[in-house]
Amino acid sequence: MHRIVLLICLVLGSWATSLSSREAANLSEAFITSVTLSSNGLSYYVVIALGDIKFRVSLDTASSDLWIMASSCSTSACQIAPRYPLSYESATYQAVNANTTDFVANYADGTGVTGFVAKESVHVSNLTVPNQAFALITDSNVTMTDDISGILGLGFPRISTINATSTNSTPFFPGLAQRGLLQYPLFGLSLTRNNTGTLSLGALDSSVVTNLSNVEWNPVVDFSPFSNESNSSSYYQWAVPLMSLSVNGTSVALSPSYPTVSANRSIAMFDVGTPGIYGPWADVSKLFASFASARLVDEAAGQWAVPCDSDITLSFTFGQRNFTLQPSDYLIGETSGDPGLCLTWPVALDPSPDGIDWQFGTPFMRTVYTIFSYGIDALEPPMIGLYSLGNATTPESTSFINSFFASASETVVTTLPNSLLLTPSATTPAYSLNTSVPAATGAIVQTALATSTYSPIFGAVTTVPDPAALNLSAIPLITPSPTVATYTVTDSAGIISTSVSHFSVPSIVLGAPPGWSSAGFTICAPMLPSILLSVAIPSLLSLLLRCTPLDLS
């Protein structure tokens, strides 16, 4: 995951829910909440509550743990964020081993957090999960802005630090699936360019997914164990095979980092916590060799630049479907050293010893609705569903690209090299997993997935299923309602008039219980829960985000 950051004040809408009889068989098991883009456009966060204390947390599908900064954390990174007040006696807080179970998380950029494990009731939308294990952070150099206080991981238990060190501490989403608390064990992410989106739990956002037969379902890759793990394969990351890559329709040969392990297929991970697209040097260098005037401008960072008037499309094939990126999807911004050149995704990385070749973060995920189906014990593997939101194959015009960057005001401070850089030769490290234990795409495992009380929709599939063979009508849907209402009135003279009504603007306090006078950190922020599917009449809310950071003791 990558961290993000600036304080913002925005007007946002929350989502209420409406449903038809087609959309929900069990009104208590599907939820939807607003997702907000951080002010610098690099991460998406939601509002949750721990007990009766609300926080913003960044979403991350490449980790599994929930952690929140605690009031005892005195580092500069903690001081700017709302923190869990340890002096408050929450009725739903439970200490774990007298707060002595350590939590440590380190990230690729050299930052990290430490703290201890505890349990608390967690509320997301109208969903309440009692006794959820999480970490309270007492030391951190992870910079959070936009009043973000932590991270909500949505990955598999295998990568959970808390689950490995504390009993009965299943991570948040796996716990929902294992206890059968959702209508179906899946979640969906809608990420948009206009700062908002949705996270749905147990159902798909039907305002986005309008044709289920157009979802491309991909079985997730099973991974062999590391040397210090049990002697069996299991699910590790939300990763699927990347079948092919093309530039303007011309195929670029992929070079998997560990072809004998991966059956000569490249493995791609989907991560909402990564604000970019990353691939191995071998693939990325061949990709940019197809661009006229492309330049490697930072060898250490693996960063290329291409002409800003590029009209080239990039297509990635998952399953049997191509997913196409336009220049406005993959161009990052103009370089300050040469306004005619734009930094671009993908960025090249050295091979990862776990065999994951590609990382598809938010620039790609904004072009699709991404569905993460958790799988069912002994019945069904995890699946990733991709629903294209555009996928036009005709390149965008130069005038559109120019207007796009003009409106975005994207200029990146860049020191361009005085001469052309040569593409380095990457060294492939030794594979870090135990290859004597077999692993396969779409493997059926007996434990750690959703409870077998669910009726499988996909079944035991190891390849991309034919949509015609699936009972797509069994996939639950949930509909967010708009935050405005339009009224059409005909007066006595027959004159028709139209008016638009915006609904009330509630606010919340982050990092402090209601009425908690000892907390000095008062922040007005949008309350972002959506209405549980059990409401009979759709509610409409409109929310104003206003941020006033103070100190929390």
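Residues numbered from 1 in each chain as written. Predicted model: local features only at pLDDT ≥ 70, side-chain atom pairs only at ≥ 80, totals over all residues. Heavy atoms only, no water.

For the protein chain, the count of helices and strands is seven helices and 39 strands. A total of 553 residues make up the protein chain; the buried ones form 56% of that total. Excluding contacts between residues fewer than 6 apart, the proportion of contacts in the protein chain whose partners are at least 24 apart in sequence is 74%. Carbon and sulfur atoms make up 52% of the accessible area of the protein chain, which amounts to about 21300 Å² in all. (Helix = DSSP H or I, 4+ residues; strand = E, 2+ residues; numbered from the N terminus. Buried < 20%, exposed > 50% of the residue type's maximum accessible area, 1.4 Å probe, protein only. Contact = heavy atoms within 4.5 Å. Areas by Shrake-Rupley, 256 points an atom, 1.4 Å probe, with all protein chains shown as cover.)

Our focus in this paragraph is the state of the cysteines. If you walk through the whole model with that rule in mind, you get two disulfides. Note on cysteine connectivity: Cys73 is disulfide-linked to Cys78, with sulfurs 2.0 Å apart. Between Cys73 and Cys78, the S-S dihedral sits near 75 degrees, and the bridge is therefore right-handed. Summarising the burial analysis for this pair, Cys73 and Cys78 share the class buried. Covalently, Cys308 is tied to Cys342 through a disulfide, its sulfur atoms 2.0 Å apart. Across the disulfide from Cys308 to Cys342, rotation about the S-S bond amounts to roughly 105 degrees, and the bridge is consequently right-handed. Here the residue Cys308 occupies a position in the loop between β24 (303–307) and β25 (314–318), and Cys342 occupies one in strand β28 (residues 341–344), the gap between them amounting to 34 residues. Neither Cys308 nor Cys342 differs from the other in exposure class; each is buried. The connectivity of the disulfide bonds within the protein chain can be written as 1-2, 3-4, using the sequence rank of each bonded cysteine. (Disulfide = S-S within 2.5 Å.)

In this section: the side chain of Asp222. Within the secondary structure, Asp222 sits in strand β16 (residues 222–223). Lacking a salt bridge, the buried Asp222 has Arg158 as its closest oppositely charged neighbour, with an N-O distance of 5.5 Å. A polar contact is formed between the side chain of Asp222 and the backbone nitrogen of Ser234, at a distance of 3.1 Å. (Lys, Arg positive; Asp, Glu negative; His and termini not counted. Salt bridge = Lys/Arg side-chain N within 4 Å of Asp/Glu carboxyl O. Polar contact = N/O pair within 3.5 Å; in protein donor to acceptor, adjacent residues only side chain to side chain.)

The next thing to look at is the pattern of salt bridges. Across all of its chains, the model carries three salt bridges by this definition. As a salt-bridge pair, Arg56 and Asp147 come within 3.8 Å of each other at their nearest N and O atoms. Highlighted residues: Arg56 in strand β5 (residues 53–60) and Asp147 in the loop between β10 (127–140) and β11 (148–153), separated in sequence by 91 residues. You'll find Arg56 and Asp147 in the same group, each marked buried.

With antiparallel pairing, the four strands of this open sheet are ordered in space as β20-β19-β25-β26. Of all the strands in the sheet, the pair left with one neighbour each is β20 (250–252) and β26 (321–325). Recorded for the sheet is a direction-independent mean angle of 30 degrees between the axes of neighbouring strands. Direction of pairing for strand β19 (residues 244–247) relative to β25: antiparallel, over a ladder of four bridges. Looking at the pairing, Ser244 lines up with Thr317 of β25. In the packing of helix α4 (residues 281–289) onto the sheet, contacts are made with β19, β20 and β25, and the angle to β20 comes to roughly 155 degrees. (Pairing = 2+ DSSP bridges. Axes fitted to C-alpha atoms, helices over the stretch in contact; angles between N-to-C directions.)

Here three bridges tie strand β23 (residues 295–298) to β24, and the two strands are oriented antiparallel to one another. Bridge pairing in β24 links Leu296 to Trp304. Turn length for the β23-β24 hairpin, with the two strands adjacent in sequence and antiparallel, is four residues, and the turn residue Gly302 shows positive phi of about 70 degrees.

Omega for the peptide link from Trp345 to Pro346 comes to 0 degrees, which places this bond in the cis form. Locating Pro346 in the fold gives a position in the loop between β28 and β29 (347–349). You will see that Asp147, though not glycine, has its phi angle at about 60 degrees, which is positive. Residue class for Asp147 comes out buried when judged on its relative accessible area of 2%. Even without a glycine there, the phi angle at Ala448 is positive, about 80 degrees. Assignment of secondary structure puts Ala448 in the loop between β33 (411–412) and β34 (477–481).

As a further point, take the side chain of Thr441. Within the secondary structure, Thr441 is located in the loop between β33 and β34. Judged by its relative accessible area of 9%, Thr441 is buried. Here the side chain of Thr441 touches Arg265 through a polar contact of 2.9 Å, side chain to side chain. Apart from the residues lying within four places of it in its own chain, the contact partners of Thr441 are Pro219, Val220, Val221, Asp222, Pro241, Arg265 and Thr462.

Turning to the environment of Ala512, a few remarks are in order. With respect to the element layout, Ala512 can be found in the loop between β37 (508–509) and β38 (524–525). Judged by its relative accessible area of 7%, Ala512 is buried. Put simply, Ala512 and Tyr84 are 428 residues apart on the chain and 7.3 Å apart in space, counted from C-alpha to C-alpha.

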